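Chain residues, written in single-letter form:
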Amino acid sequence: MENPLDWWNLEAPRYTSYPSAHHFSPAMDGNWHAERLAAMTEATHVSAYIHIPFCKELCWFCGCHTKMTKRYEPIARYVRVLVKELEIIRGFTGGRGKLNGIHFGGGSPSLLERSDLLAILYALASAFTHDPSGEFAMELDPRTTTAENIKLYAELGCNRVSIGIQDFNDEVQRAINRLQPFAMVASVMDTIRRAGIKGINCDLIYGLPHQTRERFLRTLEMTVALAPSRIALFSYAHMPHLKKHQRLIEASWLPSEREKVELYALAGEFLASAGYVAVGIDHFARPSDTLAAAASSGTLRRNFQGYVTDDTEVLVGVGSSAISQFPGGYIQNSANTPDYSARVERGILPSVRGWRHGGDDQARKHIIDELMCFMKADVEKACRAFALPKDYFADEILEIRELERRHGIIACEDGRNVVVTSPHRMAARIAASVFDRYRHAAAGKYSRVA
Ligand SMILES: C[S@@+](CC[C@H](N)C(=O)[O-])C[C@H]1O[C@@H](n2cnc3c(N)ncnc32)[C@H](O)[C@@H]1O
Ligand code: SF4
């Protein structure tokens, strides 16, 4: 085996879609989107993602689609557009589609005022038929989440929250422009629990400036002391050529790729010893949590929201940059908020690019999803399921064998079972990229796997 560890510098998508959104084409516009919405029946399970692209302050590491605003007025104006977009959607769905998942993300949905949050929920309940037994999740920034907010979310049926922690160390927090003491996060979590919201996720990032093993171990200990049901452990994607504010983080402050992999390994071992089960490439869940159950029962799925437990066929993205997923493809709203708003004001769906699955896309997507969710894929079984010849992926299997020989992180058993053997589960991105026929067309746009 040559140099078993140099794989961490490889670049690959995170595969929240296949192909990754870089490949979406402007040839796909509102017509396909409108057709898919109109094709929904009362029995179609729908999950809605609502994007709020505003924050009070920018964190310098942030890779999300968001903008800083000190005033509420731009948010209020945006909410009016969101409601109008949902009215346009209603025009196609006729209120059909069983809405059993609502996810507010951003940006910072915790900035929404009560009347605006209610207006969005009413518009959602009108565009679809709401099934309140599903998941209602909010991404919360502890710095802007008040006790009144939390009480409101609980009253409205919110049953899962994701809290951005990232890192508890002072020096790391200063370097990312995100000051948030442990006591603040602990108090927000306590209020969430007292309000009766049971599903609590915490987000951590490894690879941030000035992180060391000792510091990160302390962050992990403090996070586990808060007893969340899930922990997302994201790899810091430093892409200053795409996100200008990341230039405020000097490259020399960052751990090397090798150190990043060690931080991940440290976290994996610590969280396992604290009773968390590894799920997918970057999640950890208590065995009693639905994510851990979905991983062990084989029902875990991956989509734009990350790892999910629901069985919805349709994911409707609402808001600027939001992506919708239908059987057969994806469609994305304009990511330029003024352009998004102008389209909605004209009464049209604001979708501008997308992808229609054709050729062998579905088979490749299936294999990639299996690898990203379960760290293994039976390639021959996938060929059978998609009516392809048994040796359809012979070249890919050869490439997997070459990775096995060179790096020892992935294995091919019986010539058909691709298995991620490395404890560094992000290696699944490399295995998945072998089955990605479009990966070369967007070289340089993906983050490093470490
Ligand atoms: C939309 S943000 C979270 C919500 C809220 N705005 C907050 O920060 O608390 C979702 C998560 O994405 C992760 N994230 C953002 N930028 C990232 C980057 N460049 N690399 C890795 N993870 C990132 C962070 O962990 C963050 O909590
Ligand atoms: S991490 Fe969250 S709060 Fe910070 S800029 Fe990004 S979206 Fe806003």
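A.B. asks: It is not clear to me how the overall build of the chain should be interpreted in this structure. Could you clarify?
C.D. replies: Per the secondary structure count, the chain includes 14 helices and 19 strands. In terms of its C-alpha atoms, the chain occupies a principal-axis envelope of roughly 60 × 50 × 40 Å. When burial is assessed residue by residue, the chain has 56% of its 450 residues classed as buried. The contacts in the chain between residues at least 6 apart in sequence include a share of 73% that link residues at least 24 apart. If you sum the accessible surface of the chain, you get close to 18800 Å²; carbon and sulfur atoms cover 52% of it. Treating the 53 positive side-chain charges of the chain as one cloud and the 52 negative ones as another, the clouds have centres 3 Å apart.

A.B. asks: What should I look at first to understand helix α10 (residues 337-345) in this one?
C.D. replies: One turn of the α-helix equals 3.6 residues, which is why residues spaced by three or four share an orientation. Listed as buried for α10 are Y340, S341 and V344. Along the long axis of α10, the arc covered by the buried residues comes to 95°, so they all point the same way. Its buried side turned inward, α10 meets α2 (73-93) and β15 (329-333). Immediately beyond the C-terminal end of α10, within one or two residues, lies G347, with a positive phi of roughly 85°.

A.B. asks: What is the right way to look at the environment of F326 in this model?
C.D. replies: Tracing the sequence through the fold places F326 in strand β14 (residues 323-326). The class for F326 is buried, based on a relative accessible area of 4%. Spatially, the C-alpha atoms of F326 and V314 are 4.9 Å apart, while their sequence positions differ by 12 residues. Beyond its immediate stretch of four places on either side in the chain, F326 contacts W32, H33, R36, L37, M40, E313, V314 and I331.

A.B. asks: Is there a simple way to think about the state of the cysteines in this case?
C.D. replies: Cysteine pairs can be covalently joined through their sulfur atoms, and such a bond is termed a disulfide. Taken as a whole and judged by the stated rule, the model has zero disulfides. Distance from the sulfur of C64, which forms no disulfide, to the nearest cysteine sulfur (C62) is 3.7 Å. Taking relative accessible area as the criterion, C64 reaches 37% and is therefore assigned partly exposed.

A.B. asks: Even after reading the chapter, I still don't get the site of ligand 2, so can you show me in this structure?
C.D. replies: In the neighbourhood of ligand 2, the contacting residues comprise C55, L58, C59, F61, C62, G107, S108, D141, R143 and R178. Of the residues that constitute the shell around ligand 2, the class distribution is five nonpolar, two polar and three charged.

A.B. asks: What should I look at first to understand the domain arrangement of the chain in this one?
C.D. replies: In many reports, interface size means the accessible area that the parts give up when they come together. By domain assignment, the chain separates into domain 1 (21-318) and domain 2 (360-438). Once you take the C-alpha centre of each, domain 1 and domain 2 turn out to be 29 Å apart. Taken together, the 17 residues of domain 1 in the interface contact 11 residues of domain 2. Between domain 1 and domain 2 lies a buried interface of about 1100 Å² when both sides are counted; carbon and sulfur atoms form 68% of it. When the area that domain 1 buries against domain 2 is broken down by residue, the three leading residues are Y264, I281 and R302, summing to 41%. Linking domain 1 with domain 2 are zero salt bridges. Breaking the side of domain 1 that touches domain 2 down by element, the ones donating at least two residues are α8 (257-273), β9 (277-279), α9 (290-297) and β11 (301-303).

A.B. asks: Just to check I follow, could you spell out the side chain of S229 for this structure?
C.D. replies: Mapping S229 onto the fold places it in the loop between α7 (213-225) and β8 (230-235). Its relative accessible area of 16% is what places S229 among the buried residues. A distance of 3.4 Å separates a polar atom in the side chain of S229 from a polar atom in the side chain of D289. When residues no more than four places from it in sequence are discounted, the contact partners of S229 are R160, K198, G199, I200, Y276, F284, A285, R286 and D289.

What counts and what doesn't
Residues numbered from 1 in each chain as written. Chains lettered and ligands numbered in written order. Predicted model: local features only at pLDDT ≥ 70, side-chain atom pairs only at ≥ 80, totals over all residues. Heavy atoms only, no water. Helix = DSSP H or I, 4+ residues; strand = E, 2+ residues; numbered from the N terminus. Buried < 20%, exposed > 50% of the residue type's maximum accessible area, 1.4 Å probe, protein only. Contact = heavy atoms within 4.5 Å. Areas by Shrake-Rupley, 256 points an atom, 1.4 Å probe, with all protein chains shown as cover. Lys, Arg positive; Asp, Glu negative; His and termini not counted. Charge placed at Lys NZ, Arg CZ, Asp CG, Glu CD. Arc of directions from axis to C-beta. Disulfide = S-S within 2.5 Å. Near = heavy atom within 4 Å. Nonpolar A, V, L, I, M, F, W, Y, C, P; charged D, E, K, R; others polar. Domains from an automatic or database assignment. Buried area = accessible area lost by both parts, 1.4 Å probe. Salt bridge = Lys/Arg side-chain N within 4 Å of Asp/Glu carboxyl O. Polar contact = N/O pair within 3.5 Å; in protein donor to acceptor, adjacent residues only side chain to side chain.

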